[in-house]
Amino acid sequence: MMKIGILGYGTVGKGVVKIIEESFPNIKIEHICVKDTTDCLDERFTTDTSVLLNNIDVLLEMIVGESPAYEIICDALSRGIHVITSNKATVATHLEEFAELAIKNQVQFRFEASVGGGIPWIESCIKAKRIDSIRSVKGILNGTTNYILDRMQKERIDFDECLQDAQRLGYAEQDPSADIDGYDVQRKIMISSSLAYGGIIPYTQFDCVSLRHIKRIDLIHFEEEGYTIKYIGSSFIRDHQVYGSVEPVLIKKNDLFAQVDKNNNVVELIGDTIGSLKFVGQGAGQLPTANAMIQDLLDILDSRKNELHFNHQLQMNLELCKNTYIFCSNQNIFDNTKMDVIQLNHRVIAISSPMTPKQRNEYLEELRRIDDSVFCIRKEEA
């Protein structure tokens, strides 16, 4: 009989308890730690974190934010307790420390649910890395922004209206900054890149462009040209140098990424021998995320190890590539002699010659001194 402790009884926590109680009599839920005594439904529930780790084999952590999750995870690993988490904020900040603690204390640290919800992405990335050199990863990794872009394009609805609908449906928080400004994907692409390349780069170094200033007219114009816009996290490696970004990307409508709709996710890796591997599925939600947590739990129950090492010294380089960028503004603030400029109804679109991400950032900062609502898109090259 495996005994587990659960930290957090929100949407995902309730899903985990439901699946375990219905399908796994060999797993005993010893403690469920919650914030409020009104959530204490039976003798398993407690508000005391010091009780949580008593007499358990595995901790399942499903709360929001770094603290107290970080302290409790460290305590559990140090006591020889396996840890499974869905907390991308904590994983992105402390992944290497957690991995080292797990090895030192001969336990497992697993985090499948932190990226891609129910998609078996983390495990697949680890397995691919055993054989292959992974050259790049990319994904639509935020269901909220994909839902917004999908509805804007299909139903010709403005960004603000779509965002309000996403909040009403529970896809977006009342403060949507983590989603629409890219911080959520920034953490997820950092975790994915660390696994793929075997080294740690702080997530704050990943280039990040907000989605919040996109206009319906932008999507309509590019749809007529055979393109769509998706919010994508991506990275690639060359000789221990990495470029990683979160940004709106213009892609052909027949591309698989363009066809991933609603609040679904897609993630891809490219390896030297395996080529391209893509995974599509629900990137969030109660049961998909709970499913990922329990898959990790069953791997521990079956004594499957996932010892992680991050031995490579990696460096972020914002001049590692050149891309074509598209800038959208409500006024003509562009140099027509240096860029192709398209004048639409109440919108001006300028297409750059190839420039580095560093040059893009400098130019975008210059433009925003004139129009702080300028929207920038990277064009996906064939």
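Scope of this entry: the structure provided in the associated data block. (Residues numbered from 1 in each chain as written. Predicted model: local features only at pLDDT ≥ 70, side-chain atom pairs only at ≥ 80, totals over all residues. Heavy atoms only, no water.)

1. Brief notes about empty space enclosed by the protein
Inference 1: For the coordinates displayed, the defined rule picks out one cavity of 30 Å³ or more.
Inference 2: Computed from the structure, the largest cavity encloses a volume of approximately 30 Å³.
Inference 3: What lines the largest cavity is simply Arg110, Phe111, Glu112, Ile122, Glu123, Ile126, Asp296 and Asn306. (1 Å grid on protein atoms, 1.4 Å probe; cavity = no way out; pocket = protein on both sides within 12 Å on 5 of 7 lines; lining within 4 Å. Points joined across faces, edges and corners; volume = space filled by probe spheres on them.)

2. Considering unusual backbone geometry
Inference 1: Of note, the amide linkage connecting Ser67 to Pro68 takes the cis form, showing an omega dihedral of 10°.
Inference 2: Position of Pro68 among the secondary structure elements: in the loop between strand 4 (58-61) and helix 3 (69-78).
Inference 3: Positioned with a positive phi, Arg156 is a non-glycine residue whose angle comes to about 55°.
Inference 4: Here Arg156 lies in the loop between helix 6 (143-155) and helix 7 (159-168). (Helix = DSSP H or I, 4+ residues; strand = E, 2+ residues; numbered from the N terminus.)

3. Looking at helix 1 (residues 11-23)
Helical periodicity: at 3.6 residues per turn, an α-helix aligns residues three or four positions apart in one direction.
Inference 1: The end-to-end C-alpha separation of helix 1 is 19 Å, in line with the 18 Å expected for 13 residues at 1.5 Å each.
Inference 2: Burial in helix 1 covers these residues: Val12, Gly13, Gly15, Val16, Val17, Ile19 and Ile20.
Inference 3: The inward-facing, buried residues of helix 1 contact strand 1 (2-7), strand 2 (27-33), strand 4 and helix 12 (286-301). (Expected span 1.5 Å × (residues − 1). Buried < 20%, exposed > 50% of the residue type's maximum accessible area, 1.4 Å probe, protein only. Contact = heavy atoms within 4.5 Å.)

4. Let's talk about the packing of helix 4 (residues 88-104) against helix 9 (residues 183-197)
Working note: a packed helix pair is described by the angle between its axes plus the distance between those axes.
Inference 1: Following both chains from N to C, one finds helix 4 and helix 9 inclined at 45°, their axes separated by 9 Å at the closest point. The angle between the axes of helix 4 and helix 9 places the two elements in the oblique class. Read as a crossing pair, helix 4 and helix 9 show a hand that is left-handed. Across the interface between the two elements, Lys88, Ala89, Val91, Ala92 and Leu95 from helix 4 touch Asp184, Arg187, Lys188, Met190, Ile191 and Ser194 from helix 9.
Inference 2: Per-class residue counts for the contact of helix 4 with helix 9 are six nonpolar, one polar and four charged. (Axes fitted to C-alpha atoms, helices over the stretch in contact; angles between N-to-C directions. Parallel < 35°, antiparallel > 145°, perpendicular 65-115°, else oblique. Left-handed = near helix turned anticlockwise from the far one by under 90°. Nonpolar A, V, L, I, M, F, W, Y, C, P; charged D, E, K, R; others polar.)

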